[in-house]
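Survey of secondary and tertiary structure
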Amino acid sequence: MKKIFALIVIVAMFTANVNAQNKNYYNTRHEIGITVGSGSTSEILSGLADATSMLVSAAVSSVMTGGAATGYYNYGDAKYIPTITAEYYYHVNKYIGLGGFVGFNGLNRDMYVNWNDNVNGTHHKEKSGEATRRNLSIIPGAKIDWLRMKNFGLYSKAGVGVTFMYEHQKDDEANGLDYSDTTVIPNINLSLLGMEAGSETIRGFIEMGFGEQGILLAGVKYKF
């Protein structure tokens, strides 16, 4: 990670030096972007948090075992939905943009019923449903342009907002578990270094930092 960061800085400094004779570019005030990132705050928290432990309902136990057993759920490995954000910034001057982003990510886990046959003492495990987490974040923030040129730019971003973390567990049995819960947490985003390149209006970009957009992210933006 340190080598990647150093490489980005070197490329950025070289590009800035080559184009040093150009003035800061300020022909566009609005920018709209879409990003995909990895290692966002809510993604990490969701992966670390266990699904809320639930006992198997009497109805499910009865269907599966005729009532001659007791059981509980456990959960398989997580399958992640990456963090996707839509952002907008309005540039109030050459250096500062105000706006923010809305972000979404999630994960799925298979649910399994573990049950013990109370008659003969045997243990069984069967897939029974799915547990999911869906995270929606709203993060207002600001962007500072360190270098703003016609085809290239360097910048940083920071923001503070909230994330809504929704958990849902659903058993496949008609009378089985159907559990939902929503948690609201404060959240942040800090892009230490962002680098964008392209035309005057359409650019690709990459960023490194931490927070809700991810440790490393990439995207495309439209400037007008």
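What comes next is a walk through the structure. This is a predicted model, so every value here is computed, not measured. Every chain is numbered on its own, with residues counted from 1 as its sequence reads. Residue-level local features of this predicted model are given only where pLDDT is at least 70; pairs of side-chain atoms are given and counted only at 80 or more, and the full residue set underlies all totals for whole chains, interfaces and linings. To get the side-chain values, all heavy atoms of the structure are used, and hydrogens and water are removed first.

**Describing the side chain of asparagine 189**
Heads up, the condition is: Here a strand is any run of E in DSSP of at least two residues, a helix any run of H or I of at least four, and the numbering for each starts at the N terminus. Using a 1.4 Å probe on the protein chains alone, a residue whose accessible area is under 20% of its type maximum counts as buried, one over 50% counts as exposed, and one in between counts as partly exposed. In what follows, a contact means two residues having at least one pair of non-hydrogen atoms within 4.5 Å.
Assignment of secondary structure puts asparagine 189 in strand β7 (residues 178-198). Using a relative accessible area of 4% as the deciding quantity, one classes asparagine 189 as buried. Excluding residues that lie within four positions of it along the chain, asparagine 189 makes contacts with Phe101, Ile139, Lys157, Ala158, Gly159, Phe210, Gly211, Glu212, Gln213 and Gly214.

**Describing the packing of aromatic side chains**
Note the threshold: Two rings from Phe, Tyr or Trp (for Trp, the six-membered ring) form a pair when their centres sit within 6.5 Å of each other. Planes less than 30 degrees apart are called stacked, planes more than 60 degrees apart edge-to-face, and all others tilted. Note on criteria: charge over ring means Lys NZ or Arg CZ within 6 Å of the ring centre, with the direction from the centre no more than 35 degrees off the ring normal.
Inspection of every chain in the model, using the stated rule, returns 1 aromatic pair. Residues tyrosine 222 and phenylalanine 224 carry aromatic rings whose centres are separated by 5.4 Å and whose planes lie at 20 degrees to one another, so their mutual orientation is stacked. We classify phenylalanine 224 as partly exposed; its relative accessible area is 39%. We note lysine 143 situated over the ring of tyrosine 155; from NZ or CZ to the ring centre the distance is 4.2 Å. Residue placement shows lysine 221 over the ring face of phenylalanine 205; its charged tip is 4.5 Å from the ring centre.

It is worth stressing that arrangement in space is one thing and function is another; only the former is reported here.
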